[in-house]
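# Fold and geometry: a report
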Amino acid sequence: GFSCAAIERRKPRRHVVVECDANVRARIPAGVEVVSDYVPARWDRTPPQRGAASHGVEVAATTWQAYIDSVSFYDDAERFDAVFFDDFPIVATPSRGSRWRTFLQAVRPLLRPGCRVVGYCCDAERLRAALPIGYSLVSVAPFALTPPADCPYVSEAAGDRCVVAVIKHIIL
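Here goes a summary of the coordinates provided. Just so we're clear, the structure is a prediction, and the values are computed from it rather than from any experiment. (Residues numbered from 1 in each chain as written. Predicted model: local features only at pLDDT ≥ 70, side-chain atom pairs only at ≥ 80, totals over all residues. Heavy atoms only, no water.)

### A short note on the sheet that holds strand E3 (residues 56-60)
Filter applied, for reference: If DSSP finds at least two bridges between two strands, the strands pair. Comment: elements are numbered from the N terminus, with helices defined as DSSP H or I runs of at least four residues and strands as E runs of at least two.
With parallel pairing, 3 strands are arranged side by side in an open sheet as E1-E3-E2. Among the strands making up the open sheet, the edge pair consists of strand E1 (14-18) and strand E2 (34-35). Of the strand pairs in this sheet, E1 and E3 are connected by 5 bridges, and their pairing is parallel. When the sheet's bridge partners are listed, Val16 is paired in E3 with Glu58.

### Some remarks on the sheet that holds strand E5 (residues 111-121)
We apply this condition: Axes here refer to lines fitted to C-alpha atoms; in helices the fit is confined to the stretch in contact. Angles between the N-to-C directions go from 0 to 180 degrees.
Strand order across the open sheet formed by 4 strands is E4-E5-E7-E6, with mixed pairing between neighbours. At either margin of the open sheet sits one strand with a lone partner, and together these are strand E4 (80-85) and strand E6 (135-142). Neighbour-to-neighbour, the strand axes of the sheet open up by a mean angle of 15°, direction not taken into account. Here E5 runs beside strand E7 (residues 163-169); their pairing, made up of 6 bridges, is antiparallel. Pairing of Tyr120 across the sheet is with Val164, part of E7.

This is the structure we're talking about:
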């Protein structure tokens, strides 16, 4: 979707998309392989340089929970230095903060120290209160929210309070 395209424009050295929705995967551009029995790609000991033309996109047709359970990294060069968490749906509910908390706790072993985790959220204060130890909310920025009427992704309850949150994984 839109977030994936924005990330690709920055030409990351590695881009892993974990997408469980078949309708969203159907919009992935031709030439990008979608793997249903996902086994993470391993780099040699020297990953490509940031912005190199040879950067790759890996698409895992699974949930983030299954992806995290299937991955183990052997050295820091394979860990992520940035993660975009785009969980479905964006709603303003008391459980929303806990979904972030659950994700941040689960993804911690895959992150480099200082990693940024960015994503959409409806209530920055609830998110701040839900952060597990080892994370801090660095910034929040409101964004215009005008989904089409048939969009199941954003609840009307989200209203105009949606923000892009930037969270930092702190070295403990």
